[in-house]
Amino acid sequence: PNGNTTHPPAKFYRVTTNSSEMKRCYCLVCIFALCVISQVGGSHFRGGTITWTPNGNTTHPYKVLFTFKLGWRRSTVHCDNSVITSRSLFGSGSWQCITGCGNSQFVNSASMYCTSYSEIEDWSQGERSFTHIFNNNGPFTIRFARCCWISSLVVGGGGEWSVQTSGSLVVRKDTGKINTPPVSATSPIIRLQLGCFYFVNINMNDADGDEVRCRWASGTDECGDICNALIGATLQQSPCVIRYFANTTGWHAVSLTLEDFPPPPQLHAALSQVPLQFLIRVDDVGQNCEVPLHFVVPTPADGDCFAVAPG
């Protein structure tokens, strides 16, 4: 530490997230003012993720169950209690097959079931699962890409988004099964205090017991216009930890790629790639960094797992 009364030393805290909490602006005929309004209203994406599980049988050996979660601006993609209770689909767009599907590109609608929302912060979130039958064992790449991210981002506001997963349905030699990619239960919004240094833990799990590593997403295919958008942050790959000094208020987009690797002496190429895109909110709350967060009973312990029955 090398602080003084003007620049006190940075304080270090560990932030753990356990709860499971993702441009084309079409304008037919409009004057300039209407075009501006259309673009502002079109900036609505707030991050997401998609993972998958092999679900084949003797009839369809290359059947896959995909599960995705996406976040939106609520004033654009509306959700309320009635939408949740009625199980009405909301959202738009579609998941496209980029490789591994022959001439067919459309995989499934990106509409989903709303799970939560905030009127004050203007966001809505949802998730949905769907199955897709591939013609062969791949490899394949599935992507959801459009425009636009919420315009209030410090970096990448109003830019293109891209959420992409890749993998193969080849039977593994070490397990005798098709690979299952990793998953993460990271919250879609992580809140930090201005002027403090944080370790943000990204919880990852792999059903096959493989080593899971995270990396910054790279290239427009993986992260659109928010690649390396968390300025000044560094990343530890395994376990996955973001080190970040929160020195700029506002909304920050984070785009990671999770990859699983087989144990030695297998090849060390990644078996699959899973996207994880979420938001960090930095606020100046006027508190000292020395005041840590306190969790009260019955808050689960870090790393606790809970089994939830389908339905």
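Everything below is about the structure shown above.
Since the model is a prediction, treat every value here as computed from it, not as a measurement.

Reading the values: the criteria
- Residues numbered from 1 in each chain as written.
- Predicted model: local features only at pLDDT ≥ 70, side-chain atom pairs only at ≥ 80, totals over all residues.
- Heavy atoms only, no water.
- Helix = DSSP H or I, 4+ residues; strand = E, 2+ residues; numbered from the N terminus.
- Buried < 20%, exposed > 50% of the residue type's maximum accessible area, 1.4 Å probe, protein only.
- Areas by Shrake-Rupley, 256 points an atom, 1.4 Å probe, with all protein chains shown as cover.
- Pairing = 2+ DSSP bridges.
- Core = buried A, V, L, I, M, F, W, Y, C linked by side-chain atoms within 4.5 Å.
- Polar contact = N/O pair within 3.5 Å; in protein donor to acceptor, adjacent residues only side chain to side chain.
- Contact = heavy atoms within 4.5 Å.
- Disulfide = S-S within 2.5 Å.
- Salt bridge = Lys/Arg side-chain N within 4 Å of Asp/Glu carboxyl O.
- Phe/Tyr/Trp six-rings, centres within 6.5 Å; stacked < 30°, edge-to-face > 60°.

**Brief notes about the overall build of the protein**
Link 1 in the chain: The helix and strand inventory of the protein stands at 3 helices and 19 strands.
Link 2 in the chain: Residues counted as buried form 41% of the 311 residues belonging to the protein.
Link 3 in the chain: Counting every atom, the protein has about 16,300 Å² of accessible surface; 54% of that belongs to carbon and sulfur.

**Overview of the pairing of strand S12 (residues 189–193)**
Link 1 in the chain: Burial within S12 is extensive, with 4 of its 5 residues counted as buried.
Link 2 in the chain: As judged from the 5 bridges shared by S12 and strand S19 (residues 272–283), these two strands associate in the parallel manner. Bridge pairing links Gln193 to Asp283 in S19.

**Details of the nonpolar core**
Link 1 in the chain: With 40 residues, the main nonpolar core has Phe66, Trp72, Trp95 and Phe134 as its most contacted residues.
Link 2 in the chain: For this core, the element with the highest residue contribution is strand S3 (residues 63–73), accounting for 5 residues.
Link 3 in the chain: Judged by nonpolar contacts, the second largest core, of 23 residues, contains Tyr198, Val274, Ile280 and Cys289.

**Description of the side chain of Thr257**
Link 1 in the chain: Along the polypeptide, Thr257 turns up in strand S18 (residues 250–261).
Link 2 in the chain: Among the polar contacts listed, one links the side chain of Thr257 to the side chain of Glu222, at a separation of 3.4 Å.
Link 3 in the chain: If near-sequence neighbours (up to four positions away) are discounted, Thr257 is found in contact with Arg213, Cys214, Arg215, Ala217, Glu222, Gln273 and Val274.

**A few points about unusual backbone geometry**
Link 1 in the chain: A cis amide bond links Gly138 with the next residue in sequence, Pro139, at an omega value of 10°.
Link 2 in the chain: Looking at where Pro139 falls in the secondary structure, it is placed in the loop between strand S8 (123–133) and strand S9 (140–147).
Link 3 in the chain: At the junction of Ser238 and Pro239, the peptide bond is cis and its omega measures out at -5° in the coordinates.
Link 4 in the chain: Positive phi, normally seen in glycine, also occurs at Arg87, with a value near 55°.
Link 5 in the chain: Here Arg87 shows up in the loop between helix H2 (81–86) and strand S4 (89–90).
Link 6 in the chain: The exposure class assigned to Arg87 is exposed, which follows from its relative accessible area of 52%.
Link 7 in the chain: The backbone of Asp122 sits at a positive phi, close to 60°, despite the residue not being glycine.
Link 8 in the chain: With respect to the element layout, Asp122 can be found in the loop between strand S7 (112–118) and S8.
Link 9 in the chain: Asp122 gets classed as partly exposed once you look at its relative accessible area, which sits at 23%.

**Considering the state of the cysteines**
Link 1 in the chain: Tallying each qualifying case throughout the model produces 6 disulfides.
Link 2 in the chain: Here Cys79 engages in a disulfide with Cys114; their sulfurs sit 1.8 Å apart. With the S-S bond torsion at -100°, the cross-link from Cys79 to Cys114 turns out left-handed. Note that Cys79 is positioned in the loop between S3 and H2 and Cys114 in strand S7, a separation of 35 residues in sequence. Neither residue differs from the other here; Cys79 and Cys114 are each classed as buried.

**So, the pattern of salt bridges**
Link 1 in the chain: The tally for this structure, following the rule as stated, stands at 10 salt bridges.
Link 2 in the chain: With its nearest N and O atoms 2.8 Å apart, the salt bridge here joins Arg215 to Glu222. Of the two residues, Arg215 and Glu222, neither departs from the other in class, the shared state being buried.
Link 3 in the chain: Arg281 serves as the salt-bridge partner of Asp283, at 3.0 Å between the closest nitrogen and oxygen.
Link 4 in the chain: Asp283 sits in the partly exposed class, given a relative accessible area of 26%.
Link 5 in the chain: Several salt bridges share partner residues, and in doing so they unite Arg172, Asp174, Asp208 and Asp210 into one network.

**Regarding the packing of aromatic side chains**
Link 1 in the chain: Counted under the stated rule, the structure contains 16 aromatic pairs.
Link 2 in the chain: Their ring planes at 20° and their centres at 4.3 Å tell us that Phe45 and Trp161 sit as a pair that is stacked. Linking Phe45 in strand S2 (residues 45–54) with Trp161 in strand S10 (residues 160–167), this pair joins segments that are 116 residues apart in sequence.
Link 3 in the chain: Exposure remark for Phe45: the relative accessible area of 0% places this residue in the buried category.
Link 4 in the chain: Taking relative accessible area as the criterion, Trp161 reaches 2% and is therefore assigned buried.
Link 5 in the chain: Among the aromatic residues, those joined into a ring-pair cluster are Phe45, Trp52, Phe66, Phe68, Trp72, Trp95, Phe130, Phe134, Phe140, Phe144, Trp149 and Trp161.

**Section: the side chain of Asn108**
Link 1 in the chain: Summarising the element assignment, Asn108 is placed in strand S6 (residues 106–109).
Link 2 in the chain: Once you skip the residues sitting within four places of it in the chain, Asn108 turns out to touch Ser94, Trp95, Arg128 and Phe130.

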